[in-house]
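Inside the fold
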Amino acid sequence: MILLQNTRIASENSPVLVEGDVLIVEGVIQQIGPGLAVPEGARVIDARGRILMPAMFDAHVHFRAPGFENKETITTGSEAAINGGVTGVVMMPNTRPAIDSSAVVSTVLESAKRKSRIPVYTSGCVTKDREGKELAEIDGMRLLGVTMLTDDGDTTGDPAVLLRAMQYATEFGMFFASHCEVPELAGPRAINEGVMSYRLGIKGSPACAEEIIIDRDIRLARAAGAHVHIQHVSSKMGMETIKWWKSRGDVKVTAEVAPHHLLFTEEHIGDYDTNYKMNPPLRTQADCDALLEGLKEGVFDLIATDHAPHTPFEKAQDFISAPNGITGLETALVSLYHFFVRPEKFGWDLVVKRYSAEPRRLMGLPVPTIEVGQPAECLLFDTEAETTFTKEFMKSKSQNTPFINQTLQGRVDVVILGTEILLEREATVAVG
Amino acid sequence: MARKDLLDIASLQREEIELLLDQSTAFKQLLTSSGKKVPVLEGKSVLMLFYEPSTRTHSSFEVAAKRLSAEVTNFNVAHSSITKGESVRETIETLQAMRTDYIIVRHGRSGLPGMIARLTKASVINAGDGAHEHPTQALLDAFTIKEKFADPRGKRVLIIGDILHSRVARSTSTLLQKLGVEVAYLGPGSLVPKYGPATIRRFTNYDEAMAWGPDFVYLLRVQMERQDVQFFPSLREYHRIYGITNTRLEDIRQRGLYIMHPGPVNRGVELCDAVMDYERSLINNQAENGIAVRMAVLNWLTPGGDLPKREPAYASRSGAAPALVMP
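Residues numbered from 1 in each chain as written. Chains lettered and ligands numbered in written order. Predicted model: local features only at pLDDT ≥ 70, side-chain atom pairs only at ≥ 80, totals over all residues. Heavy atoms only, no water.

**Topic: the pattern of salt bridges**
When the charged atoms of two side chains lie near each other, side chains of opposite charge can form a pair. Residue and element names in this part refer to chain A. Overall, the coordinates contain 40 salt bridges over all chains when judged by the stated rule. We note a salt bridge from E210 to R283, for which the minimum N-O separation is 3.0 Å. Here the residue E210 occupies a position in helix α7 (residues 207-224), and R283 occupies one in the loop between α9 (259-263) and α10 (285-297), the gap between them amounting to 73 residues. The burial state of E210 is the same as that of R283; both residues are buried. (Salt bridge = Lys/Arg side-chain N within 4 Å of Asp/Glu carboxyl O. Helix = DSSP H or I, 4+ residues; strand = E, 2+ residues; numbered from the N terminus. Buried < 20%, exposed > 50% of the residue type's maximum accessible area, 1.4 Å probe, protein only.)

Here it is as structure tokens:
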């Protein structure tokens, strides 16, 4: 039994926080109300000043297993998730071997069961080894629970291959997640083509390289009657393209935005700082502004981090040689609070809706809520405390984030999943 | 303020540029009068780390260092397989044992000299990094221009060619603007980026650019090796549309314009053969002035001291955590 006293409860349906105590018995929320009696043997958490909300779900992470365990493992990745208030994730399949068959999916899921304290789901490749040529073993993966197909890391280059995959797999209720980038236009450098690429003398990736594929893949989905999910949108016109297609209403399209694309611009790259090297690249302030509006308007169904760990060894190379990507699981919720909720750009209801509820709906999973009778899957967030993202704080195997050694306002204090308290930041728990 | 490294023009103050150009004048006078070595860097060591082939810049730096009485070591990596940043780090860590005072580095990767500068207490001079910067080329260009106009403020320089891939265009235009010179770019639309500095006019039509009234026409070498896709149909077409043809040379002669080029020249592409004999061609002056300018740079830098740190962009914008201005 866990009794959370004096919390303020956030939900996706209301910007208003509801005050009260919450009693969790055997992993299920049994009572909500003011001044609940303390049952004998209950663990009591004085949550005064803290906000209780459903735990987050990240539909776009790279746990690097199998094949790149020097960057991240399922264990370290899932512990990083818990550290950031996330209790479920969807892995991307750009591993080695790529997650493109029932055999690999089975290995990954078995491993996740043993090595993770939270549910870890995986997407599967559209094409074998993500090469864009032959269709992956779609039905075999579906039988193991895979619903999302993506060649993430790259676009499925051949539109005919993707169209056939959509026509085929839609029959099984699967959907497609698209990493949008024309490789011939983009180049491998992961910097926006613009002021900064000119100044630094690096070949840039124009926003149109992304926007062309956003439009292409939605058109393909429309032709196939498929559901397409557009990943990590970085440009204003990309957002507007999705908005236009959604307004037509004749194709099922969802989309995600990453915190770093809301927060940072190409200018942050400064003196070739590889912690700002990611794909799609950081673009301009006008793009950030448009993405934020898109998030508030619901053009973006969900927030996802694209958590992409790389070793210090790799990121310490020069900008051109360093790999793309930054970690995000441990910084997302705190940075969303610090930069958006706290200055009232948007409310907790948006965070809960876009980073907890909608990602689970996308994956066809039950959506946790703070309501009587619901399974407990929640977190406590202290708005008055601070988080300093030191190497010691991080549970991820890699610390390639612009927030390293930075302090932000807000802290994920407690994470509860069913009968387990997965995270207790400090001595917050007393025995009643 | 003493500087350890010369990595770019962008971070140089105008006073520092003026000082370097004045010292270049002194070194040029010294050399043209005596031609002997001076003991300025006696006992100091200079490591030449050229990851890209180079004749002009390499030999210019080597002569400059030797004339300052430095000991010069060439680390020949131009044709080695060492290209990745991490290999460079290992190389630098190894070379630390040599206790070199100056490292002159050329590399195809933009930003790599800056990375090396953060790894070593030696003074690092960027001798060209990718399409980023080539600061000593900019200094010698400015020096050459100042030999013609002691006060170049208000003069106009038209830089013609592959701006997109040119570190010379970036450094030289930045420096000239700091000296009050007006700069414009001319080239094929595919090679003159629209998102370049707003202070630099952009032309894609030769006649319109000439109507702007330049005092100097600065031709860039067409670098086919840097172009991973086709940016214009043929060299012949390039010469006809953007090159200095015989007819255009006559027009330039009548206008009394100076012609510059960083070399090596692609004859028949950027310019016709006759340009080399044009009395206002400054191409050889540039090469000669390079030695004096590089001597001034070596003399100016101060090896040792603390390694430069890269201030995180996040921190520089944010200060205290809550202060970061966000959308």
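Let us keep going from here.
**Description of the sheet that holds strand β7 (residues 201-203) of chain B**
Residues and elements named next belong to chain B. One open sheet accounts for five strands, arranged β7-β6-β5-β8-β9; its pairing is parallel. In this open sheet, the two strands that pair with only one neighbour each are β7 and β9 (258-260). Going across the sheet, the axis of each strand differs from the next one's by a mean of 25 degrees, ignoring polarity. (Pairing = 2+ DSSP bridges. Axes fitted to C-alpha atoms, helices over the stretch in contact; angles between N-to-C directions.)

**A look at the UniProt feature "binding site: Zn(2+) 1" (unreviewed entry) in chain A**
Residue and element names in this part refer to chain A. Sites flagged by UniProt as "binding site: Zn(2+) 1" (unreviewed entry) map to H60, H62, D152 and D306. Across 247 residues, the annotated set stays spatially compact, with a maximum C-alpha separation of 10.1 Å. The topology assignment puts H62 in the loop between β6 (56-61) and α1 (74-83). Within the structure, the side chain of H62 is placed 3.2 Å from the side chain of D152, a separation counted as a polar contact. Residues contacting D306, with those up to four places away along its chain left out, are D58, H60, H62, H232, H260, N279 and I326. (UniProt positions renumbered as here; feature names shortened; annotations may be inferred. Polar contact = N/O pair within 3.5 Å; in protein donor to acceptor, adjacent residues only side chain to side chain. Contact = heavy atoms within 4.5 Å.)

**Considerations on the packing of aromatic side chains**
Applying the stated rule across the entire model yields 18 aromatic pairs over all chains. Between F340(A) and F346(A) the ring centres are 5.1 Å apart and the planes differ by 20 degrees, which places this aromatic pair in the stacked class. Across this residue pair, the class does not change: F340(A) and F346(A) are buried. A centroid spacing of 5.6 Å and a plane angle of 85 degrees characterise the contact between F389(A) and F393(A), whose relative ring orientation is edge-to-face. Overall, the relative accessible area of 16% leaves F393(A) in the buried class. Site record: aromatic cluster; members linked through ring pairs are F264(A), Y276(A), F339(A), F389(A), F393(A) and F403(A). Above the ring of Y198(A), the side-chain terminus of R170(B) is found at 4.2 Å from the ring centroid. The ring of F61(B) carries R294(B) above its face, with NZ or CZ at 4.8 Å from the centroid. (Phe/Tyr/Trp six-rings, centres within 6.5 Å; stacked < 30°, edge-to-face > 60°. Lys NZ or Arg CZ within 6 Å of the ring centre and 35° of its normal.)

**Comments concerning helix α6 (residues 167-178) of chain B**
Residue and element names in this part refer to chain B. With twelve residues, α6 extends 17 Å between its outermost C-alpha atoms, agreeing within 8% with the 16 Å of an ideal straight helix rising 1.5 Å per residue. Among the twelve residues that make up α6, nine are buried, leaving the element largely enclosed by the rest of the structure. Turning to α6, its buried residues number three or more, namely R167, V168, A169, R170, S171, T172, S173, L175 and L176. Of the residues that open α6, the one with a side-chain oxygen 3.2 Å from the backbone nitrogen of V168 is S166. One or two positions beyond α6, positive phi appears at G180, with a value near 90 degrees. (Expected span 1.5 Å × (residues − 1).)

**Quick word on the sheet that holds strand β12 (residues 252-257) of chain A**
Residue and element names in this part refer to chain A. Strand order in the open sheet made by the five strands is β9-β10-β11-β12-β13, with parallel pairing throughout. A single partner strand is all that each edge strand has here, and the edge strands are β9 (148-149) and β13 (302-303). Here strand β11 (residues 227-230) pairs with β12 via four bridges, running parallel. Bridging across to β12, H229 finds its partner in T254.

**Description of unusual backbone geometry**
All names here are of chain A. Omega for the peptide link from A65 to P66 comes to 10 degrees, which places this bond in the cis form. On the secondary structure map, P66 appears in the loop between β6 and α1. In this structure, P97 follows R96 across a cis peptide bond, with omega equal to 0 degrees. Within the secondary structure layout, P97 lies in the loop between β7 (86-91) and α2 (102-115). Although it is not a glycine, D129 adopts a positive phi angle of roughly 55 degrees. By the secondary structure assignment, D129 is in the loop between β8 (120-122) and α3 (138-143). A relative accessible area of 43% means that D129 is categorised as partly exposed.

**Details of the pairing of β11(A)**
Along any regular strand the residues' side chains alternate between the sheet's two faces. All names here are of chain A. Alternating positions in β11 separate into two faces, H227 and H229 on one and V228 and I230 on the other, with burial throughout. Note: strand β10 (residues 175-178) against β11, three bridges, orientation parallel. Across the sheet, residue S178 finds its bridge partner in β11, namely I230. Crossover handedness for the path β11 to helix α8 (residues 236-248) to β12: right-handed. (Right-handed = clockwise from strand over helix to strand, strands pointing away.)

**Structural notes on the confidence of the model for chain B**
Residue and element names in this part refer to chain B. Per-residue confidence for chain B gives a mean pLDDT of 89, with 89% of residues at or over 70. Contacts of residues 313-327 to residues separated by more than four positions or lying in other chains number 42 contacts, the stretch itself having pLDDT below 50. Taken over the whole predicted complex, pTM reads 0.93, whereas the ipTM for its chain interfaces reads 0.88. (pLDDT = per-residue confidence, 0-100.)

**Comments concerning the pairing of strand β4 (residues 123-129) of chain B**
Residues and elements named next belong to chain B. For β4, the tally of buried residues reaches seven of seven residues, placing the bulk of the element in the interior. With five bridges joining them, strand β3 (residues 102-107) and β4 adopt parallel strand pairing. Across the sheet, residue I103 finds its bridge partner in β4, namely V124. The handedness of the β3 to β4 crossover, carried by helix α4 (residues 112-117), is right-handed.

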